[in-house]
Amino acid sequence: MQCPWCYIGKRKFEAGAKEFGGDVEVEYHSFELSPDTPVDFDGTPVDYLSQRKGLPIAQVEQMLERVTGIAKDVGLDYDYDHVHQTNTVISHELIHFAKSKGRQLEMKERLLKAYFVNGEHVGRIPDLVAIAVELGYDEAEVTEALESHRFLADVKADVALAQEYGIQGVPFFVIDGKYGVSGAQEAATFANVLQQVASERDAN
Amino acid sequence: MDAATTPLTIVGSPDAAACEGDFCEIPEHHTQAQVNRQLDADLV
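Basis of the calculations
Residues numbered from 1 in each chain as written. Chains lettered and ligands numbered in written order. Predicted model: local features only at pLDDT ≥ 70, side-chain atom pairs only at ≥ 80, totals over all residues. Helix = DSSP H or I, 4+ residues; strand = E, 2+ residues; numbered from the N terminus. Buried ≥ 20, exposed ≤ 12 C-beta atoms within 10 Å, placed from the backbone. Contact = placed C-beta atoms within 7 Å. Nonpolar A, V, L, I, M, F, W, Y, C, P; charged D, E, K, R; others polar. Pairing = 2+ DSSP bridges. Axes fitted to C-alpha atoms, helices over the stretch in contact; angles between N-to-C directions. Expected span 1.5 Å × (residues − 1). Arc of directions from axis to C-beta.

*Asks:* Is there a simple way to think about the overall build of chain B in this case?
*Replies:* Across its full length, chain B holds one helix and three strands. If you list the helices and strands of chain B from N to C, you get β-β-β-α. Within chain B, the proportion of its 44 residues that are buried is 16%.

*Asks:* Could you clarify how one ought to interpret the interface of chain B and chain A in this entry?
*Replies:* The parts lose accessible area when they come together, and the size of an interface is often stated as this lost area. Across the contact, 23 residues belong to chain B and 31 residues belong to chain A. Contributing elements (two or more residues each) for the side of chain B that touches chain A: β1 (9-11), β2 (19-20), β3 (23-24) and α1 (28-40) of chain B. Residue composition of the side of chain B that touches chain A, grouped by class: twelve nonpolar, nine polar and two charged. Direction of pairing for strand β1 (residues 169-170) of chain A relative to β2 of chain B: antiparallel, over a ladder of two bridges. Following the sheet pairing, V170 of chain A is matched in β2 of chain B by C19 of chain B.

*Asks:* Mind showing me how you'd approach the sheet that holds strand β2 (residues 172-175) of chain A here?
*Replies:* Spatial ordering of the open sheet is given by β2(A)-β3(A)-β1(B), a layout of three strands whose pairing is mixed. At either margin of the open sheet sits one strand with a lone partner, and together these are β2 of chain A together with β1 of chain B. Each strand of the sheet is rotated relative to its neighbour by a mean of 30 degrees, with strand direction disregarded. Of the strand pairs in this sheet, strand β3 (residues 179-182) of chain A and β1 of chain B are connected by three bridges, and their pairing is parallel. From the neighbouring strand, G180 of chain A faces β1 of chain B, where its bridge partner is I10 of chain B.

*Asks:* Whenever I open this one, unusual backbone geometry confuses me. Can you help?
*Replies:* What is expected of a backbone is that most residues other than glycine have negative phi and most peptide bonds are trans. Residues and elements named next belong to chain A. The omega torsion across V170 and P171 is 5 degrees, close enough to zero to call that bond cis. Inspection of the secondary structure assignment puts P171 in the loop between β1 and β2. The residue H149 is not glycine, and still its phi comes out positive at about 55 degrees. Take H149: it is sitting in the loop between α7 (139-147) and α8 (152-165). Residues other than glycine seldom take positive phi values, yet D176 does so here, at roughly 60 degrees.

*Asks:* Could you clarify how one ought to interpret the environment of D81 of chain A in this entry?
*Replies:* All names here are of chain A. With respect to the secondary-structure elements, D81 resides in the loop between α3 (57-73) and α4 (89-100). Given 11 C-beta atoms within 10 Å, D81 falls into the exposed group. Sequence-wise, D81 and G119 are 38 residues apart; in three dimensions their C-alpha atoms are separated by 8.2 Å.

*Asks:* Teacher, can you tell me more about the pairing of β2 of chain A here?
*Replies:* Residues in a regular strand project their side chains so that they alternate between the two faces of the sheet. Residues and elements named next belong to chain A. Here β2 pairs with β3 via four bridges, running antiparallel. The partner of F173 across the bridge, within β3, is V181. Counting the residues between successive antiparallel strands, the hairpin from β2 to β3 contains three residues, one of them, D176, with a positive phi of roughly 60 degrees.

*Asks:* How do you make sense of α3 of chain A when you look at a structure like this?
*Replies:* Residues that lie three or four places apart on an α-helix share one face, since the helix turns once every 3.6 residues. All names here are of chain A. Here α3 is 17 residues long and its end C-alpha atoms lie 25 Å apart, about the 24 Å a rise of 1.5 Å per residue gives. Taken together, the buried positions of α3 are occupied by V60, M63, L64, V67, I70 and A71. Viewed end-on, α3 has its buried residues packed into an arc of 120 degrees, placing them on one side of the element. Opposite the packed face of α3, turned more than 90 degrees from it, sit the exposed residues A58 and E65. Positive backbone phi, approximately 85 degrees, marks G75, located one or two places after α3.

*Asks:* What exactly am I supposed to notice about the sheet that holds β3 of chain B here?
*Replies:* Strand pairing in a sheet is mediated by backbone hydrogen bonds. Such pairs are either parallel or antiparallel. The strand order across the open sheet built from three strands is β1(A)-β2(B)-β3(B), with neighbouring strands paired in antiparallel fashion. The open sheet has two edge strands, β1 of chain A together with β3 of chain B, and neither has a second partner.

In structure tokens form, the structure reads like this:
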């Protein structure tokens with residue numbers, strides 16, 4: 001959710017899938033980069049990275065400026081001046097809630113936009129419920145799901161699955177349970193591996 | 001390890017940008033590509 005390369009990688013994957021042209025079924029899995037981040041971190045992403053990595057503020061600002069420029073190249077307007085650094089585990093629960101309704105992809109996109117573009121808080125239940133209600137979900141139902149942490153086990157199961165695969169970073173794409181694509185690769189890479197899988201399926 | 005997690009064949013560039021832990025690397029070629037674009041646009 002807070003990985004800048006994941007949103008960029010999502011756009012590149014989508015471009016690759018379009019280039020491939022065939023049917024592609026997508027399912028997102030949760031991965032926590034920094035599960036000990038507090039929900040209400042008192043500071044900006046620049047402060048957070050500077051404190052965590054011991055990097056000079058100017059260097060972090062330069063890093064974020066660069067990633068913002070790369071995001072712009074794929075049509076994403078990252079707004080790091082208004083990003084709320086937070087713990088995203090409940091937003092992952094919300095994605096699993098949406099998945100249970102058959103609407104995971106829509107929620108994933110909305111939450112990435114909320115975090116990177118809109119400057120919305122994606123760590124607090126009331127803010128997440130507001131986003132869900134905007135998408136047409138029942139307020140009472142989604143509030144109950146998030147307050148009871150009914151989908152927390154699904155989040156943790158995804159994290160465990162990633163560990164089984166040996167995945168250490170994101171974005172990471174598992175294609176047909178056979179191929180692994182790490183990082184925000186170029187669209188052609190995704191198109192090629194999707195074509196490879198389609199050819200293998202046709203041969204079987 | 002069950003059938004769902006058979007070892008993956010890794011494809012693609014090993015230099016693609018990714019986040020590990022709380023740190024998101026920006027590979028050099030991304031930076032250079034962006035500088036090139038800025039030069040093209042007369043921004044630097």
